[in-house]
Amino acid sequence: MAFDLSNLDFNGKEVMALGETIQESVFTNPEMSLFHEFVEGIKAKQQIAILGIVDGLTGLGDGGCDPTVDVLDISSIQKFWEPESVSNRFAYCWTELKGTFFIWATKNGLEISDLTGTDYLNFIEERLSAALAEEVLRVAWFSDLTAANVSGAGVITNGTNLGYFNKIDGFFKQIFTIVAADSARLTAGLDTRNAGVSYAAQEFDATDVTNRVVTNTLQNMRYGADNRFRSNPSLMYVVTQSVYDQYERELTEANVAFTTERLENGMSQLSSGSITVVAFDFWDRIIRAYEDNGTTYNLPHRAVLLTKENMQVGTEAIGNLSEIDVFYHRKDKKNYVDTAYRIDVKIIKDENIQVAY
């Protein structure tokens, strides 16, 4: 993790403290608990047993003597938590601060190499904390054990280290697998724009507004969902920012009443009638930065109808996902910043999800 100060000229006493700088804002992301449910204590492969309902009919008998014995069929399926380790280590030496304003924050004498407790490492820790939140989301949603670069017939932007994208099979990989097995879980509507042959052709236009492409897609997602799922009072649409913005344009153009709300984590939520839509611009940023083949983005418009209890994140302890260890090693006079956690994610019931992309 390199901290690039090359664009800042240092000429003696100009800026002497971090508080005198203007810091670029970090992106706001949702608390993981907004539309994920956590399961703690997941350290190794562990079974998830899912018991189904009675398959078929009951009530064959007529109430007479010696009734015929019928068979009560109850289905069950299993999935497994298979957590994998994700970690980081970053190293810093005080000599990196020579010629920068951070030199004023270093300690004196023999302790100059110990950067713990200084503005410099405090700033690194703060920025890493934000990056770590995005890391967990990226692993949870975009990981694919068979991830490949575009040049290898995959979707990951060429030049991207696949180690950032192949830890587990994340939610999107599971969604694609579910749809492959049950095409009814995929609602048409966004596919035409996603299939555009250029970045420009993938953008929504005025015709899409007139045709209410997103409005109809979201409605059809609910109507096309499994009947047991669509009656759940906790249903939530999570969509790319592109879909959210288009939906708002369509409602405005059609003079349909809606309300918007800025959530505490900075995300936007829009409600019209019984539909609540949450914009998850993190998806847009990952797709545009890391699923780009040089001509088009990979499925830039996505929508998922879900309930948080069906989107589970397994880990040893929730606190591990945000834990940062900062320490100084006297032998090599370097400062280290470590993170480590184990994680897996599961869509528990395949029928309890509906998607469009």
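Source: prediction; values computed, not measured. (Residues numbered from 1 in each chain as written. Predicted model: local features only at pLDDT ≥ 70, side-chain atom pairs only at ≥ 80, totals over all residues. Heavy atoms only, no water.)

Focus on the overall build of the protein chain
Okay, so step 1: Assigned secondary structure in the protein chain consists of eight helices and 13 strands.
Okay, so step 2: When the backbone C-alpha atoms are referred to their principal axes, the protein chain occupies close to 95 × 55 × 40 Å.
Okay, so step 3: Here the protein chain, with 357 residues, has 43% of them falling under the buried criterion. (Helix = DSSP H or I, 4+ residues; strand = E, 2+ residues; numbered from the N terminus. Buried < 20%, exposed > 50% of the residue type's maximum accessible area, 1.4 Å probe, protein only.)

Side note on the pattern of salt bridges
Okay, so step 1: This model, assessed by the stated rule, comprises 15 salt bridges.
Okay, so step 2: A salt bridge links Arg 127 to Glu 126; the shortest N-O distance between them is 3.4 Å.
Okay, so step 3: Its relative accessible area of 42% is what places Glu 126 among the partly exposed residues.
Okay, so step 4: One salt-bridge network, in which partners are shared between bridges, spans Asp 144, Asp 169 and Lys 173. (Salt bridge = Lys/Arg side-chain N within 4 Å of Asp/Glu carboxyl O.)

With respect to a nonpolar patch on the surface
Okay, so step 1: On the surface, Val 54, Leu 72 and Ile 74 cluster together to form a nonpolar patch covering roughly 280 Å² of accessible area.
Okay, so step 2: Checked against the element boundaries, Ile 74 lands in strand S3 (residues 73-81).
Okay, so step 3: Residue classification places Ile 74 among the exposed positions, given a relative accessible area of 54%. (Patch = residues over 30% accessible without salt bridge, like charges linked within 9 Å, V, L, I, M, F, W, Y side chains within 5 Å. Areas by Shrake-Rupley, 256 points an atom, 1.4 Å probe, with all protein chains shown as cover.)

Digging into the nonpolar core
Okay, so step 1: The biggest cluster of nonpolar side chains holds 57 residues, and the ones touching the most others in it are Trp 141, Phe 142, Ile 175, Phe 280 and Trp 283.
Okay, so step 2: Taken together, the elements giving at least two residues each to this core come down to strand S4 (84-92), helix H1 (119-142), helix H2 (171-181), strand S5 (236-239), helix H8 (281-290), strand S9 (303-306), strand S10 (311-315) and strand S12 (334-347).
Okay, so step 3: Top contributing element to this core by residue count: H1, with 11 residues.
Okay, so step 4: Excluding its chain neighbours within four sequence positions, the residues that come into contact with Phe 142 are Leu 137, Phe 165, Phe 172, Phe 282, Trp 283, Ile 286, Ile 287, Glu 291 and Arg 302.
Okay, so step 5: Ranked by size, the runner-up nonpolar core spans 21 residues in total, among them Val 214, Leu 270, Ala 279 and Ala 303. (Core = buried A, V, L, I, M, F, W, Y, C linked by side-chain atoms within 4.5 Å. Contact = heavy atoms within 4.5 Å.)

Some details on the environment of Ile 275
Okay, so step 1: Its place among the elements puts Ile 275 in strand S8 (residues 275-279).
Okay, so step 2: A sequence separation of 160 residues divides Ile 275 from Leu 115, and the C-alpha atoms of the two residues are 51 Å apart.
Okay, so step 3: Among all residues touching Ile 275, those that are not within four sequence positions of it are Gln 219, Tyr 237, Tyr 247 and Leu 270.

Thoughts on the packing of aromatic side chains
Geometry of an aromatic ring pair is reported as the spacing of the ring centres plus the angle between the planes.
Okay, so step 1: Enumeration over the complete set of coordinates arrives at 18 aromatic pairs.
Okay, so step 2: Geometrically, the ring pair formed by Phe 142 and Phe 282 is edge-to-face, given 6.3 Å between the ring centres and 70 degrees between the ring planes. You can see Phe 142 sitting in helix H1 and its partner Phe 282 sitting in helix H8, a full 140 residues away along the chain.
Okay, so step 3: Assessed through its relative accessible area of 0%, Phe 282 is described here as buried. (Phe/Tyr/Trp six-rings, centres within 6.5 Å; stacked < 30°, edge-to-face > 60°.)

Examining unusual backbone geometry
Okay, so step 1: Even without a glycine there, the phi angle at Asp 66 is positive, about 45 degrees.
Okay, so step 2: Assignment of secondary structure puts Asp 66 in the loop between strand S2 (46-55) and S3.
Okay, so step 3: Residues other than glycine seldom take positive phi values, yet Leu 299 does so here, at roughly 50 degrees.
Okay, so step 4: With respect to the helices and strands, Leu 299 occurs in the loop between H8 and S9.

Describing the sheet that holds strand S6 (residues 259-262)
Okay, so step 1: Strand order in the open sheet formed by six strands is S6-S7-S8-S5-S9-S13, and the pairing between neighbours is mixed. In this open sheet, the two strands that pair with only one neighbour each are S6 and strand S13 (354-356). The average angle at which neighbouring strand axes cross in this sheet is 20 degrees, direction not considered.
Okay, so step 2: In this sheet, S13 lies alongside S9 in antiparallel orientation, the contact comprising three bridges. Bridge pairing links Leu 305 to Gln 354 in S13. (Pairing = 2+ DSSP bridges. Axes fitted to C-alpha atoms, helices over the stretch in contact; angles between N-to-C directions.)

Some remarks on the confidence of the model for the protein chain
Okay, so step 1: Summing up the model confidence of the protein chain, the mean pLDDT is 89 and the portion of residues at 70 or higher is 90%.
Okay, so step 2: Segment residues 15-28: pLDDT under 50, and 25 contacts once partners within four positions in sequence are set aside and those in other chains are kept. (pLDDT = per-residue confidence, 0-100.)

Side note on the packing of H1 against H8
Okay, so step 1: Between H1 and H8, the shortest axis-to-axis distance is 11 Å and the interhelical angle comes to 75 degrees. Relative to H8, the element H1 lies roughly perpendicular. Contact residues: Glu 134, Leu 137, Arg 138, Trp 141 and Phe 142 in H1; Phe 282, Trp 283, Arg 285, Ile 286 and Ile 287 in H8.
Okay, so step 2: A per-class count over the contact of H1 with H8 returns seven nonpolar, no polar and three charged. (Parallel < 35°, antiparallel > 145°, perpendicular 65-115°, else oblique. Nonpolar A, V, L, I, M, F, W, Y, C, P; charged D, E, K, R; others polar.)

Examining the side chain of Glu 135
Okay, so step 1: On the secondary structure map, Glu 135 appears in helix H1.
Okay, so step 2: Although Glu 135 is buried, it forms no salt bridge, and the closest oppositely charged side chain is Arg 138 at an N-O distance of 5.1 Å.
Okay, so step 3: If sequence neighbours within four positions are ignored, Glu 135 has contacts with Val 86, Asn 88 and Tyr 341. (Lys, Arg positive; Asp, Glu negative; His and termini not counted.)

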